[in-house]
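# Tertiary structure, described
What follows is each chain in one-letter form.
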Amino acid sequence: MTQERPPGSQSLPSRGMRLGKIAVFHSLVWMTALSLFAAADSWSAITGLAIASLLSIVTGIVAGFATTTLVHEWFHYLGARLTAGDYEIPKKMSLFVFDWSFPKNNLKQFYTMSIAGSFGGLAGIALLWLCIPTDTAGRAALVASGVASFAFAAVIEWPVLMRTRKTGDPLGELSKIDERVLMRATLTSALVGWFSWAMM
């Protein structure tokens, strides 16, 4: 989702420049992952080699996960903008588009920002499903990995949202995300991805 930073001030030009840099960085990551998959997919289609097919599956997993994850994060940002939430754009390039200011935002803003990410995950899956035919193992892996990415985020974020309804403390609930939660999310994601791949 997001990382917390102490509330601060950023000028609009500075914020815009940092946001632009993150957008370029994310675009390059996505295009690189998709290009590697395209190369492996073409190699597999042309030669029929087992190693080419395996590489298309591996790169498909990376490209699919990257696609849905990045769309997910940018929908978090759209949710933050929609609620006129207070946030800062980080200086360093990372997965996260912005740093949410918990002290300056209310629960309604937090829920809107958070739930928007889930809609982004669904949008990422729809994008892959509509654009990528699942007629090879590698292409099916790409789409299935997008579903796996959605599952990974859901296991982490949805319990936070449910607990926050009781405690009213989103930051406190986010702080409970530890290695055990991440491991559970990883295992769930792997199972969902494998099942989705097997069904395609």
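Remember, predicted model here, so these are calculated numbers, not experimental data. (Residues numbered from 1 in each chain as written. Predicted model: local features only at pLDDT ≥ 70, side-chain atom pairs only at ≥ 80, totals over all residues. Heavy atoms only, no water.)

## Structural notes on helix H6 (residues 179-199)
Heads up, the condition is: Helix numbering and strand numbering both begin at the N terminus, where a helix is a DSSP run of H or I of at least 4 residues and a strand a DSSP run of E of at least 2. Expected helix span is given by 1.5 Å per residue-to-residue step, counting one fewer step than there are residues. Throughout, a contact is declared for two residues whenever any of their heavy atoms are within 4.5 Å. Polar contacts, as used here, are pairs of N or O atoms within 3.5 Å; protein pairs need one atom able to donate a hydrogen and one able to accept it. Residues neighboring in sequence count only if both atoms are side-chain atoms.
The terminal C-alpha atoms of H6 lie 30 Å apart, and with 21 residues this matches the ideal 30 Å at 1.5 Å per residue to within 8%. On the buried face of H6, the contacting elements are helix H2 (50-82) and helix H4 (137-167). Backbone nitrogen of Arg180 and a side-chain oxygen of the N-cap are separated by 3.2 Å at the start of H6; the cap is Asp178.

## Things to note about the side chain of Ser189
As a reminder, the rule being used: Any residue under 20% of the maximum accessible area for its type is buried, any over 50% is exposed, and the rest in between are partly exposed; the area is computed with a 1.4 Å probe on protein chains only.
By the element assignment, Ser189 lies in helix H6. Judged by relative accessible area, which is 5%, Ser189 ranks as buried. Sequence-distant contacts of Ser189, defined by excluding residues within four places in its chain, comprise Phe65, Ala148, Ser149, Ala151 and Phe152.

## Quick notes on the nonpolar core
Stated formally: Definition of nonpolar core: a set of buried residues of the types Ala, Val, Leu, Ile, Met, Phe, Trp, Tyr and Cys, connected through side-chain atoms within 4.5 Å.
The biggest cluster of nonpolar side chains holds 16 residues, and the ones touching the most others in it are Tyr77, Tyr87, Ile89, Phe98, Trp100 and Phe110. Secondary structure elements with two or more residues in this core: helix H1 (12-47), H2, helix H3 (107-131) and H4. A per-element tally of this core places H3 first, with 3 residues. The next biggest cluster of nonpolar side chains, apart from the first, holds 8 residues, and it includes Phe37, Ala66, Ile132 and Val143.

## A word on the packing of H2 against H4
Heads up, the rule is: The angle between two axes is taken between their N-to-C directions and runs from 0 to 180 degrees, where each axis is a line fitted to C-alpha atoms and a helix contributes only its stretch in contact. When describing relative orientation, an angle under 35 degrees is termed roughly parallel and one over 145 degrees roughly antiparallel, while 65 to 115 degrees is termed roughly perpendicular and anything else oblique. Whether a crossing is left-handed or right-handed is set by the direction in which the near helix is turned from the far one by less than a right angle, anticlockwise for left-handed and clockwise for right-handed.
One can describe the packing of H2 onto H4 by two numbers: an axis separation of 7 Å at closest approach and a directional angle of 40°. When the interaxial angle is binned, H2 and H4 end up oblique. Seen along the crossing, H2 lies across H4 with a hand that is right-handed. Along the contact surface, H2 presents Ser56, Ile57, Gly60, Ile61, Ala63, Gly64, Phe65, Thr68, Thr69, His72 and His76, while H4 presents Ala137, Gly138, Ala141, Leu142, Ser145, Gly146, Ala148, Ser149, Phe150, Phe152, Ala153 and Glu157.

## Here we look at the confidence of the model for the protein chain
Predicted coordinates in areas of low pLDDT are best not read in detail. Formally: The predictor's confidence in any single residue is recorded as pLDDT, a number from 0 to 100.
Residue-level pLDDT values for the protein chain average 93, and 94% of them are 70 or greater. Low pLDDT, under 50, characterises residues 2-9; the predicted model gives this stretch 22 contacts beyond four residues in sequence or across chains.

## Digging into the side chain of Gln109
Residue placement: Gln109 occurs in helix H3. Under the relative-accessibility criterion, Gln109 is labelled buried at 13%. The residues contacting Gln109, other than those within four sequence positions of it, are Thr83, Ala84, Gly85, Trp100 and Lys104.

## Overview of the environment of Trp129
Along the chain, Trp129 falls in helix H3. Judged by its relative accessible area of 52%, Trp129 is exposed. Spatially, the C-alpha atoms of Trp129 and Arg139 are 10.0 Å apart, while their sequence positions differ by 10 residues. Look past the residues within four positions of Trp129 in its chain and what remains in contact with it is Thr134, Val143 and Met200.

## What about the packing of aromatic side chains?
Condition: Two rings from Phe, Tyr or Trp (for Trp, the six-membered ring) form a pair when their centres are within 6.5 Å of each other. A pair whose planes differ by under 30 degrees is stacked, one over 60 is edge-to-face, and the rest are tilted.
On inspection of all chains with the given rule, the structure shows 9 aromatic pairs. When the ring of Trp74 is compared with that of Tyr77, the centres are 5.7 Å apart and the planes differ by 80°; the resulting orientation is edge-to-face. Taken together, the residues span about one helical turn, with Trp74 and Tyr77 both in helix H2 at a distance of 3 residues. Among the residues examined, Trp74 registers a relative accessible area of 23% and is labelled partly exposed. A relative accessible area of 6% places Tyr77 in the buried class. An aromatic cluster of three or more residues is present, and its members are Trp74, Tyr77, Tyr87, Phe98 and Trp100.

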